[in-house]
Every structure is written in structure tokens, then in C-alpha cells.
Amino acid sequence: VQLQASGGGLVQAGGSLRLSCAASGSTFSTYVMGWFRQASGKEREFVATITWSGGSTRYADSVKGRFTISRDNAKNTVYLQMNSLKPEDTAVYYCAASRAGISSDLRLYHYWGQGTLVTVSS
């Protein structure tokens, strides 16, 4: 599966953005999908993940209550709605796909998009 993330940009603190990740291939609905982020000089970290059906989600504590992951299997797309953004949310955001069960472990995600930059100004 090939992934293409989009929707990043510059936003003021407190604002919102919605990221999208479009997937190619007819097997999108069989993958667990995740969002990860990497700030400058830091390691890539887990943000959110969603099961193939969308019935179960998991979030990093740092984004819980502010971010929402969702998916539309008919459109082969996963979304990350980001509200109440903070300067510390500034990072390149990556979408990823996994055949394993729902997990925050990036090592279980074998397919990655190219990343989209989110910059939150204070």
C-alpha cells in the first residue's frame, strides 16, 4: 500500500487542522492505520491509531482529548483532526499502515507516507 499525507500547514496556537492520508490499493480496509510525528531533533513518536473497522482507537496522552483519528474505507483515507493545537505539536506528521493489531509501536508499521509539516505558532 502507498500512502500520501496532506493537510499540514502553519496555524496559531489554539487553532485546528485536519490531516488526510490517502492510500492506494484495494486492501486499505484490512490495515490498522496510525499517525506518528517527528519534531526537529527528536525521535518519531506515536500520535494515534485506528483499527481496520474504525471501531477502536488509541491516542498518545499528549494529544488525548484534542486529536481525533478516523477513517473512510470507501475513500481509502484516514484523517487526523487536530484541535486546540499547541506549539509543542509542531512536527512532521506521518501516516502509516500495519498488518499487526492496533499498536503504538512504530516498528509494527511497515508502510509509511512521506510526511506533512505542521507548524504551530505561539
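No experiment lies behind these values; they were computed from the predicted model shown. (Residues numbered from 1 in each chain as written. Predicted model: local features only at pLDDT ≥ 70, side-chain atom pairs only at ≥ 80, totals over all residues. Heavy atoms only, no water.)

Concerning the overall build of the chain
Line of reasoning, step 1. Across its full length, the chain holds zero helices and 11 strands.
Line of reasoning, step 2. In the chain, the succession of α and β elements from N to C terminus is β-β-β-β-β-β-β-β-β-β-β.
Line of reasoning, step 3. For 122 residues, the compact-globule estimate of 2.2 N^0.38 gives 14 Å, and the C-alpha radius of gyration of the chain, at 13 Å, lies within 12% of that figure.
Line of reasoning, step 4. When its C-alpha atoms are laid out on the principal axes, the chain stretches across 40 × 25 × 25 Å.
Line of reasoning, step 5. The buried share of the chain, reckoned over its 122 residues, is 43%.
Line of reasoning, step 6. When contacts within the chain are restricted to residue pairs at least 6 apart in sequence, long-range pairs at least 24 apart make up 58% of them.
Line of reasoning, step 7. Here the chain displays about 6100 Å² of accessible surface, and carbon together with sulfur accounts for 47% of that area.
Line of reasoning, step 8. Side-chain charges of the chain comprise 12 positive and 7 negative groups, with the mean position of each set lying 5 Å from the other. (Helix = DSSP H or I, 4+ residues; strand = E, 2+ residues; numbered from the N terminus. Rg over C-alpha atoms; globule rule 2.2 N^0.38 Å. Buried < 20%, exposed > 50% of the residue type's maximum accessible area, 1.4 Å probe, protein only. Contact = heavy atoms within 4.5 Å. Areas by Shrake-Rupley, 256 points an atom, 1.4 Å probe, with all protein chains shown as cover. Lys, Arg positive; Asp, Glu negative; His and termini not counted. Charge placed at Lys NZ, Arg CZ, Asp CG, Glu CD.)

Let's talk about the sheet that holds strand S3 (residues 17-23)
Line of reasoning, step 1. The strand order S1-S3-S8-S7 describes an open sheet built from four strands, whose pairing is antiparallel. Looking along the sheet, the strands with just one partner apiece sit at the ends: strand S1 (3-6) and strand S7 (67-72). Sheet twist, expressed as the mean angle between neighbouring strand axes with direction ignored, is 15°. (Pairing = 2+ DSSP bridges. Axes fitted to C-alpha atoms, helices over the stretch in contact; angles between N-to-C directions.)

A closer look at the pattern of salt bridges
Line of reasoning, step 1. Scanning the entire structure with this criterion turns up five salt bridges.
Line of reasoning, step 2. Here Arg37 ties to Asp89 by a salt bridge, and the two come within 2.9 Å at their closest N and O atoms. Of this pair, Arg37 sits in strand S4 (residues 32-38) while Asp89 sits in the loop between strand S8 (77-82) and strand S9 (91-98), placing them 52 residues apart in sequence.
Line of reasoning, step 3. Ionic pairing is found between Asp61 and Lys64, a salt bridge with its closest N-O pair at 3.1 Å.
Line of reasoning, step 4. Using a relative accessible area of 65% as the deciding quantity, one classes Asp61 as exposed.
Line of reasoning, step 5. Here the salt bridges do not stand alone but share partners, grouping Arg37, Glu45, Arg66 and Asp89 into one network. (Salt bridge = Lys/Arg side-chain N within 4 Å of Asp/Glu carboxyl O.)

Concerning the packing of aromatic side chains
Line of reasoning, step 1. Evaluated as defined, the whole model comprises six aromatic pairs.
Line of reasoning, step 2. Look at Phe36 and Phe46: their rings are 5.8 Å apart centre to centre, the planes differ by 70°, and that puts the pair in the edge-to-face class. Within this pair, whereas Phe36 is found in strand S4, its partner Phe46 is found in strand S5 (residues 45-50), the two being separated by 10 residues in sequence. Like Phe36, the residue Phe46 is buried in the burial classification.
Line of reasoning, step 3. An aromatic cluster is built from Phe36, Phe46, Tyr94, Tyr109 and Trp112, whose rings are joined through pairwise contacts.
Line of reasoning, step 4. Arg71 extends its terminal NZ or CZ atom over the ring of Phe28, reaching a point 4.5 Å from the ring centre. (Phe/Tyr/Trp six-rings, centres within 6.5 Å; stacked < 30°, edge-to-face > 60°. Lys NZ or Arg CZ within 6 Å of the ring centre and 35° of its normal.)

Some remarks on the side chain of Arg37
Line of reasoning, step 1. On the basis of relative accessible area, Arg37 is assigned to the buried category, the value being 6%.
Line of reasoning, step 2. At 2.7 Å, the side chain of Arg37 forms a polar contact with the side chain of Glu45.
Line of reasoning, step 3. Residues in contact with Arg37, not counting those within four places in the same chain, are Glu43, Arg44, Glu45, Val47, Ser62, Val63, Phe67, Glu88, Asp89, Ala91, Val92 and Tyr93. (Polar contact = N/O pair within 3.5 Å; in protein donor to acceptor, adjacent residues only side chain to side chain.)

Some thoughts on the pairing of S9
Line of reasoning, step 1. The element S9 is extensively covered by neighbouring structure, given that seven of its eight residues are classed as buried.
Line of reasoning, step 2. Pairing geometry for S4 and S9, over seven bridges, is antiparallel. Within the sheet, the bridge partner assigned to Arg37 lies in S9 and is Tyr93.
Line of reasoning, step 3. Pairing of S9 with strand S11 (residues 116-121) involves three bridges; the strand directions are antiparallel. Of the residues in S11, the one forming a bridge with Ala91 is Val118.
Line of reasoning, step 4. Bridge count for S9 against strand S10 (residues 111-112) is two bridges, and the pairing is antiparallel. Opposite Ala97, over in S10, you have Tyr111 as the bridge partner.

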